[in-house]
Each structure stands twice: as structure tokens, then as C-alpha cells.
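Chain and residue survey
As a plain string of letters, each chain reads:
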Amino acid sequence: MPRIVEAWHLDPETSYLHARARGERLYALGTHSELTAIDVGSESAEIAWRHESSPLSVRSFALGEAQLFAVGRMEDRLRLVARDLSSGNPAWDVPIEAKRVGRIFANAKGRIFLAVHQSGRLALEIRSQEDGTLIDTIRLGRRRLMVSRNGAYAWTRDLEGITELQLVTREVRDTHLGANGFMLEVDDGLVLGAGSRVLRLARGKIRWLQDIPSRDLTAIAAAEGLGDEPDVWQPDLGRLVRFGPHVVVPALNGSLHALDLDTGALQWTALSAHYPSAQAVAAPAPISFEGRELHVFPASDEELYLVDDEGGVHARHELPLPFENVAVPMGPTVV
């Protein structure tokens, strides 16, 4: 029977904002701009290198083929810096002419993509991974940006809808949504949240749309001494995750829903055991264990749940505090 076992603790003095995995190494950004590379094992972990906090205030980074790219502010200027993934040594450093930079993306074809805000508008900067040289700037609408893994498409969205931009042909497709939410790239487009709904978007057309149900927490609240008034939570949705033929959707009310990727049909729902205490929805992590695909679900009740591909819960593990971030899968380990 699979179970969740706490394998190791690392670096308890540092708080981390988010992390990205590459092979058996984890790259993490600390709250004081520390960039840390961690070699992860099944029973231990070691810091491979660390770039300590500096005058460069880092808030976003991406992984290229051989380098880590980070954006931060040094005094009154934004800068884009590159560091060697293996050693952490600096490679190059260039200024960015923008008021602020949002997300940063990198692909396998030597390109870096920056969401920059210039003169009150969102723009996409495309730069070279070799030396940071600016290749192109594309003015965009809406407020949030995501770039496809191959660098062929960019999606921007806001409360009203989403725009798909083909970066070579500059073909544009607009879709009205009427609500905001997370975006997940799939084979031919996106699966995205829109309020309490999840939909699949392909070439500007909605293939399917699924409502995520609310959850009645009245009985759990009464059992835990929190009152016996009706207590129904609407589905405040979190980051979507691909799980084989399903897309998995976590909600702040302690529910995890699996939708069929082709049809959007609800396949199963897993529920947490206790009343929610988190303020934000954590992202779950698919892991591989003994040839099985499982899901580690950090629910909003301060517990981790090990869920199979039919929604069955095999194990639980209590956390010391609410977890409100992204769980990172690394083989049979989740960090």
C-alpha cells in the first residue's frame, strides 16, 4: 500500500516563494532573492549552489537548456541575468527598459520571453538565451501572459476573456470568458479556469465547458466545533494540473476534481477530511511510484492526500502549517 513518508527537511531558515525541477535538481527562489540549486534524493537533499541575496531583488525566473534566467530590480533599473545551471556562475547581465516584469519563460530553441509593462501596457519581449540580446517586442492587450512551451503561441487574458497570438504569423484569436482563472497548456491549446468553470480552448474555440460543484461543509464544521449553521463553499479554483488522460482541478473548499481531457466530463472527486484553514489554493503534484501514477493533493485542511487515478485516497500526512504554494513532483518524491 503506498503511503506518504516525510523523507527530509532542508534549510529551515529560508522561506521559498516557488521552485522548478530539472531532472534530480530543484531550483528555488527565496523570499530574500536567494537562488538555490538543490540536489534531491529519496532520503536526503543537498544544496549544490546558492546565490545569496544581493542588490538584485529577484521575483521571477525560468530554466533554459543550460542556464537559469532571473529578472530583478537593482536600485531603479530592471535587469535580466543568466546563471549556469550546473555551477550557478554568472553568464551575462542586461538592462530591461520597463516599469516592471511579470512572468518569464524560456524554450528549447534559445529564446527567452518576458512579460513587460511599458507605458501602462503589457508587451512581450523576446530575447536570446546566448547573451540576452533583444530580438523583438510585441505590444499586447489584456493583463496576464503565458507563452507556449515551444514558443509558438502567446496567450493573454483578463476578466473579460483571452487572446491567442501566433508569434510567427501574428494571427490573433479572441474568446470571451467573463471571468479569470489559471491556464494550463495542453496538446492543442489550453485548459483554463473561468470563475467556477473549467473549459478547454483550441484554436480560439471552446471544445467543452464544465461547472465545478460547490461543497457543503456543514457537517464537518459541526463535528469540529465550528457551529451548525449551513456552510456551503463555492469552488474557488486553483492551478490546474495534467494527470494522464485527466486534468485535475483543486479547490479551496478541500475538493479535488478530475475531468476527462477530451470531453470535460467529471471523472471523480476526492475530498479532504477537515475544515479548510488555508487562504489560497495549493497546486497538487502527479508522481510515479512502482509503475503507478498517483497524485499528491495538498488540501486546504493542512494535510497531504495520496490519490489514485480513480479518486481513491490511499494515505494522508499532516502538515505543520497550511500549504498555499505549488507542490513540485520529482519522480516518487514531492517537494
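Note on numbering: residues in each chain are counted from 1, in written sequence order. Reporting of local features is limited, given that this is a predicted model, to residues whose pLDDT is at least 70; pairs of side-chain atoms are given and counted only at 80 or more, and all residues count toward the totals for whole chains, interfaces and linings. Hydrogens are left out, water is left out, and the side-chain values use all remaining heavy atoms of the structure.

1. Focus: the sheet that holds strand β28 (residues 292-298)
The test is simple: In this description, strands pair whenever DSSP reports at least two bridges between them. For helices the rule is a DSSP run of H or I covering at least 4 residues; for strands it is a run of E covering at least 2, with both sets numbered from the N terminus onward. A fitted line through C-alpha atoms represents every axis, and for helices the fit uses only the stretch in contact; the resulting angles, taken between N-to-C directions, go from 0 to 180 degrees.
Ordered by their spatial adjacency, four strands build an open sheet running β27-β28-β29-β30, and the pairing between neighbours is antiparallel. Only two strands of the sheet have a single partner each, and these edge strands are β27 (285-289) and β30 (313-318). When strand polarity is set aside, the average angle formed by the axes of neighbouring strands in this sheet is 25°.

2. So, the packing of aromatic side chains
The geometry of an aromatic ring pair is captured by the separation of the ring centres together with the interplanar angle, meaning the angle of the planes. Put simply, the test is: Note on aromatic pairs: the rings of Phe, Tyr and Trp (six-membered ring only in Trp) are paired at centre separations within 6.5 Å, and the planes decide the class, stacked below 30 degrees, edge-to-face beyond 60, tilted for the rest. The rule is simple: take the accessible area with a 1.4 Å probe, protein chains only, and divide by the maximum for that residue type; under 20% is buried, over 50% is exposed, in between is partly exposed. Consider the ring centre and the ring normal. A charge sits over the ring if Lys NZ or Arg CZ is within 6 Å of that centre and within 35 degrees of that normal.
Under the counting rule described, the total for this entry stands at five aromatic pairs. Look at Trp-233 and Tyr-275: their rings are 5.6 Å apart centre to centre, the planes differ by 85°, and that puts the pair in the edge-to-face class. Of the two residues, Trp-233 sits in strand β22 (residues 232-233) while Tyr-275 sits in the loop between β26 (266-271) and β27, which places them 42 residues apart along the sequence. The exposure class assigned to Trp-233 is partly exposed, which follows from its relative accessible area of 21%. Positioned above the aromatic ring of Phe-61 is the side chain of Arg-20, whose terminal nitrogen or guanidinium carbon lies 5.4 Å from the ring centre.

3. What to know about the pattern of salt bridges
The test is simple: When a carboxyl oxygen of Asp or Glu is within 4 Å of a side-chain nitrogen of Lys or Arg, the pair counts as a salt bridge.
Throughout the structure, instances matching the rule amount to 16 salt bridges. Between Asp-188 and Arg-207 there is a salt bridge whose closest N-O contact spans 3.2 Å. Of this pair, Asp-188 sits in the loop between β17 (183-186) and β18 (189-194) while Arg-207 sits in strand β20 (residues 205-211); the two residues are 19 residues apart in sequence, bridging distant segments of the chain. Among the residues examined, Asp-188 registers a relative accessible area of 33% and is labelled partly exposed. By relative accessible area, Arg-207 is classed as partly exposed at 42%. Each of Asp-188, Arg-200, Arg-207 and Asp-262 takes part in one network of salt bridges that share partners.

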